[in-house]
Amino acid sequence: MRSVWTDTVGMPAFSELSGDLRVDVLIVGGGMAGVLTAFRLRQAGIDYALCEEETVGSGTTRNTTAKITSQHGLIYDSLLRRFGAKKAGMYYRANEEAIEAYQTLCKSIDCAFERADHSVYTVGNEAKLDREMKALRRLEIPFRRVDAPFLPFDVDGAILFPDQAQFHPLRFLAGISEGLRIYEHTRVRELKRTKDGIVAVTSGGTVTANRVIVATHFPILNKHGAYFLKQYQHRSYVLALKNAPALDGMYLDDDADGLSFRNYGEYLLIGGGSHRTGKSGGGFRELYEVADLYFHRASVAYAWAAQDCMTLDAVPYIGRYAAGTDGLYVATGFNKWGMTGSMVAARLLCDLMTGTENPYAELFSPSRSVLRPALFENAAEALLGWITPTAPRCPHLGCALHWNAEERSWDCPCHGSRFSEDGTLLNDPATGDLKAVQK
């Protein structure tokens, strides 16, 4: 299962770590967030290294739909109520600055970057649309109400954010990773504190660092931060259709399990079928039905799936790993918006490394309150996974795994780890394979 991005790029290769290394900052994870952070640190003149257990961009980054937008659903009404006007406005500005930063970098990288409008539409929930527009007016965020967006089915209206963006994520990643100090096929197995600093024990040697940034999609350390309670993982699915009509922008359903649309070259990308990892959902079946119903003259050229970390308040966790973890930092929980979130993270983390004040640090702080109703739902899901008497069990925290017949994988409904049919690790936070598998 390969995405259109994977099949239309030649990625650079980096050597495996061999021996011991000393740096100021170690970055763990070679996705968009990790590589952008490495790029920023090099610009700032900081001694760094990045370790990636597979290859650059081989995780969630290669499976994104690659929208770059500050419109992450109809979220500003809830952000306004949850955080107040100041922080809700800061969330918008942080993501708009990320779009501008991408445009600047993409001037020298051939990655199909283009500006495009983004619209969130609703079917049967006009009241939610009205509340969102009221919040946007209060926050002075530019938007347009669209009564009949260019879609092949009827909707009750949409909110359009002008001048957003889209691109080819792996071509961009290939461009900015050139010349960076990256070690591929180098799995970080353990982090431990010593008198010399934080020592990362890897598959190819050790890296001793003053500071460590964990950018591994789902954080790999369980004993700090309680990330296993304050976020969960969602799977979503994408079809790339050939010979489908071109749309006049990017589109997203306001329903969390709804559809997403954008064009890339000759392809129309349809996303959807979402569900919590380890649970049932629409999956590829739903998308094939949509393609059959509305784009019956098109053919499916690519089909792939993505997995995303979801926070309890729809805002990523970027900053110190936990309140008492000096020198340890994290970037996670991008809520399906990893392109803008990664740029926000890279800029914020670089400022933290250089001692530069960043206006968004408090908003994205991983130590902010997570006392939300979703916290108790997440805890209940974990408890259910622990007490379910079945095998195999996830090596992360011992939850019962569920067999995913459509993707032929063992999925953990507690924290989102996934394993192939033979037990090979597919998705974190687990850090190793299953020892034995019996269906």
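A brief report on the enclosed structure follows.

Each value, and the rule that gives it
- Residues numbered from 1 in each chain as written.
- Predicted model: local features only at pLDDT ≥ 70, side-chain atom pairs only at ≥ 80, totals over all residues.
- Heavy atoms only, no water.
- Pairing = 2+ DSSP bridges.
- Helix = DSSP H or I, 4+ residues; strand = E, 2+ residues; numbered from the N terminus.
- Axes fitted to C-alpha atoms, helices over the stretch in contact; angles between N-to-C directions.
- Core = buried A, V, L, I, M, F, W, Y, C linked by side-chain atoms within 4.5 Å.
- Buried < 20%, exposed > 50% of the residue type's maximum accessible area, 1.4 Å probe, protein only.
- Contact = heavy atoms within 4.5 Å.
- 1 Å grid on protein atoms, 1.4 Å probe; cavity = no way out; pocket = protein on both sides within 12 Å on 5 of 7 lines; lining within 4 Å.
- Points joined across faces, edges and corners; volume = space filled by probe spheres on them.
- Nonpolar A, V, L, I, M, F, W, Y, C, P; charged D, E, K, R; others polar.
- Parallel < 35°, antiparallel > 145°, perpendicular 65-115°, else oblique.
- Left-handed = near helix turned anticlockwise from the far one by under 90°.
- Phe/Tyr/Trp six-rings, centres within 6.5 Å; stacked < 30°, edge-to-face > 60°.
- Lys NZ or Arg CZ within 6 Å of the ring centre and 35° of its normal.

Now for the sheet that holds strand β21 (residues 425-427). Either a parallel or an antiparallel arrangement is found when strands of a sheet pair, and the pairing is made through backbone hydrogen bonds. One open sheet holds the four strands; their spatial order is β18-β19-β20-β21, and the pairing between them is antiparallel. In this open sheet, the two edge strands, each paired with only one partner strand, are β18 (402-404) and β21. Taking the axes of each pair of neighbouring strands and ignoring which way they run, one obtains an average angle of 35° across the sheet. Strand direction decides the pairing type here: strand β19 (residues 409-411) and strand β20 (residues 418-420), joined by three bridges, are antiparallel. Residue pairing across strands places Ser 409 opposite Ser 420, the latter belonging to β20.

Attention now goes to the nonpolar core. By size, the foremost hydrophobic cluster in this structure holds 82 residues, and its most contacted members are Leu 36, Tyr 76, Tyr 102, Phe 167, Phe 172, Leu 269 and Phe 364. The element contributing the most residues to this core is helix α3 (residues 85-106), with 11 residues. Within the second largest apolar cluster, 29 residues are counted, among which are Leu 21, Leu 26, Ile 198 and Tyr 321.

The next subject is the pairing of strand β9 (residues 197-202). Within β9, five of the six residues are buried, which leaves the element mostly enclosed by the surrounding structure. Counting the residues that bridge the hairpin from strand β8 (residues 188-194) to β9 gives two residues. Sheet topology note: the β9/strand β10 (residues 205-214) ladder contains five bridges and is antiparallel. Bridge assignment links Val 199 to a residue of β10, and that residue is Thr 208. In sequence, β9 turns back onto β10 through a hairpin of two residues.

A few words now on the environment of Leu 239. Within the secondary structure layout, Leu 239 lies in strand β11 (residues 231-242). Residue Leu 239 is classed as buried on the basis of its relative accessible area of 0%. Sequence separation between Leu 239 and Ala 305 is 66 residues; the distance between their C-alpha atoms is 8.9 Å. Residue contacts for Leu 239: discarding those within four places in its chain leaves Leu 268, Leu 269, Ile 270, Phe 284, Leu 287, Tyr 288, Ala 291, Val 300, Tyr 302 and Ala 303.

For the rest of this paragraph, the subject is the pairing of strand β14 (residues 267-276). Consecutive side chains of a regular strand alternate in pointing toward one face of the sheet and then the other. Where burial is concerned, most of β14 is hidden: 10 out of the 10 residues are buried. Counting the residues in the hairpin turn of strand β13 (residues 260-264) and β14 gives two residues, including Gly 265, whose phi is positive at 55°.

Tracing the chain through its elements places Ser 280 in the loop between β14 and α7 (283-294). When the C-alpha atoms of Ser 280 and Phe 218 are compared, they prove to be 21 Å apart, with 62 residues separating the residues in sequence.

Turning to the side chain of Ser 417, a few remarks are in order. Structurally, the position occupied by Ser 417 is in the loop between β19 and β20. With near-sequence residues (within four places) excluded, Ser 417 lies in contact with Gln 233, Cys 394, His 396, Trp 410, Asp 411, Cys 412, Asn 427, Asp 428, Pro 429 and Ala 430.

The tally for this structure, following the rule as stated, stands at one cavity of 30 Å³ or more. Quantified by volume, the largest cavity comes out at close to 50 Å³. Taken together, His 72, Tyr 91, Asn 95, Pro 316, Ile 318, Phe 334, Trp 337, Gly 341, Val 344 and Phe 364 make up the full set of residues lining the largest cavity. Counted by class, the lining of the largest cavity contains seven nonpolar, three polar and no charged residues.

Quick look at the packing of helix α1 (residues 32-43) against helix α8 (residues 338-354) now. Running from N to C, α1 and α8 cross one another at 40°; their axes reach a closest spacing of 8 Å. The angle between the axes of α1 and α8 places the two elements in the oblique class. Both α1 and α8 take part in a crossing whose hand is right-handed. Contacts between α1 and α8 involve Met 32, Ala 33, Leu 36, Thr 37, Arg 40 and Leu 41 on the former and, on the latter, Met 339, Ser 342, Met 343, Ala 346, Arg 347, Leu 349, Cys 350 and Met 353. When grouped by side-chain class, the residues that make up the contact of α1 with α8 number 10 nonpolar, two polar and two charged.

The next subject is the packing of aromatic side chains. In this structure the tally under the stated criterion is 18 aromatic pairs. Ring centres 6.2 Å apart and planes at 80° place the aromatic pair Tyr 92 and Phe 161 in the edge-to-face group. Here the residue Tyr 92 occupies a position in helix α3, and Phe 161 occupies one in strand β6 (residues 158-166), the gap between them amounting to 69 residues. There is no split in this pair, since Tyr 92 and Phe 161 are both buried. Judged by centre distance (5.8 Å) and plane angle (75°), the rings of Tyr 267 and Tyr 302 are edge-to-face. One end of the pair, Tyr 267, is in strand β14; the other, Tyr 302, is in strand β15 (residues 299-311), and 35 residues separate them in sequence. A connected cluster of aromatic rings, assembled from ring pairs, spans Tyr 76, Tyr 91, Tyr 92, Phe 161 and Phe 364. Here Lys 230 stacks its cationic end above the ring of Tyr 227, 4.5 Å away from the centre of that ring. Lys 230 extends its terminal NZ or CZ atom over the ring of Tyr 317, reaching a point 5.0 Å from the ring centre.

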